[in-house]
Amino acid sequence: MLSNNTILQPGDWIKGESWDGELIIGYIESLSPNIPEGLVKVTVVTSDNNETIGKTIPVLSKRVKRLPVSNVTNKVQIEFLIDLALSTGDKEWFKELSSELNAMKQLVNEME
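Residues numbered from 1 in each chain as written. Predicted model: local features only at pLDDT ≥ 70, side-chain atom pairs only at ≥ 80, totals over all residues. Heavy atoms only, no water.

## Quick word on the packing of aromatic side chains
Link 1 in the chain: With the rule as written, the count across this model stands at 2 aromatic pairs.
Link 2 in the chain: With a centroid separation of 6.1 Å and 50 degrees between ring planes, the pair formed by Trp13 and Trp93 is classed as tilted. Placement of Trp13 in strand 1 (residues 13–17) and of Trp93 in helix 2 (residues 91–111) is noted, with a sequence separation of 80 residues between them.
Link 3 in the chain: Note on Trp13: relative accessible area 26%, which makes it partly exposed.
Link 4 in the chain: On the accessibility criterion, Trp93 (18% relative accessible area) is buried.
Link 5 in the chain: Through a chain of ring-to-ring contacts, three or more aromatic side chains come together here, namely Trp13, Tyr27 and Trp93. (Phe/Tyr/Trp six-rings, centres within 6.5 Å; stacked < 30°, edge-to-face > 60°. Helix = DSSP H or I, 4+ residues; strand = E, 2+ residues; numbered from the N terminus. Buried < 20%, exposed > 50% of the residue type's maximum accessible area, 1.4 Å probe, protein only.)

Okay, structure coming up:
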């Protein structure tokens, strides 16, 4: 379905389909390359099935696609990512994003 030619790594953000065919977006917790089909454990951040959100589920690697890394360019994007960091419990990412947001606010204040 969503086969990709890129090597998946823990921490990669992906979109894909669960065993039940539900759309999921999340990040890879771990890989099981010794399984012939390739299995990834994905922590689900958003899904058609609200019961799956926040859980780590196994997904066949051929049913996921790595999302491109994007550059954050505005305050709204950073605030969204801060919310995402909070919901996933990623303290380091939260600190990094908060720092970036504060630097952006300081730059705006200096220009006024």
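That was the structure; now back to the text.
## Focus on the environment of Lys15
Link 1 in the chain: Considering the arrangement of structural elements, one finds Lys15 in strand 1.
Link 2 in the chain: When the C-alpha positions of Lys15 and Lys65 are compared, they lie 5.5 Å apart, and in sequence the two are 50 residues distant.

## Focus on the nonpolar core
Link 1 in the chain: Leu8, Ile14, Ile24, Ile28, Val40, Val42, Val44, Ile57, Val59 and Val64 form the largest nonpolar core, which has 10 residues in total.
Link 2 in the chain: Of all the secondary structure elements, the ones that give two or more residues to this core are strand 2 (23–32), strand 3 (39–47) and strand 4 (56–60).
Link 3 in the chain: In terms of residue count, strand 3 provides more of this core than any other element does, 3 residues in total.
Link 4 in the chain: Apart from the residues within four sequence positions on either side, Val59 is in contact with Glu17, Trp19, Ile24, Gly38, Leu39, Val40, Val42 and Val64.
Link 5 in the chain: One finds Ile78, Leu84, Ala85 and Trp93 within the second-largest nonpolar core, a separate group that totals 8 residues. (Core = buried A, V, L, I, M, F, W, Y, C linked by side-chain atoms within 4.5 Å. Contact = heavy atoms within 4.5 Å.)

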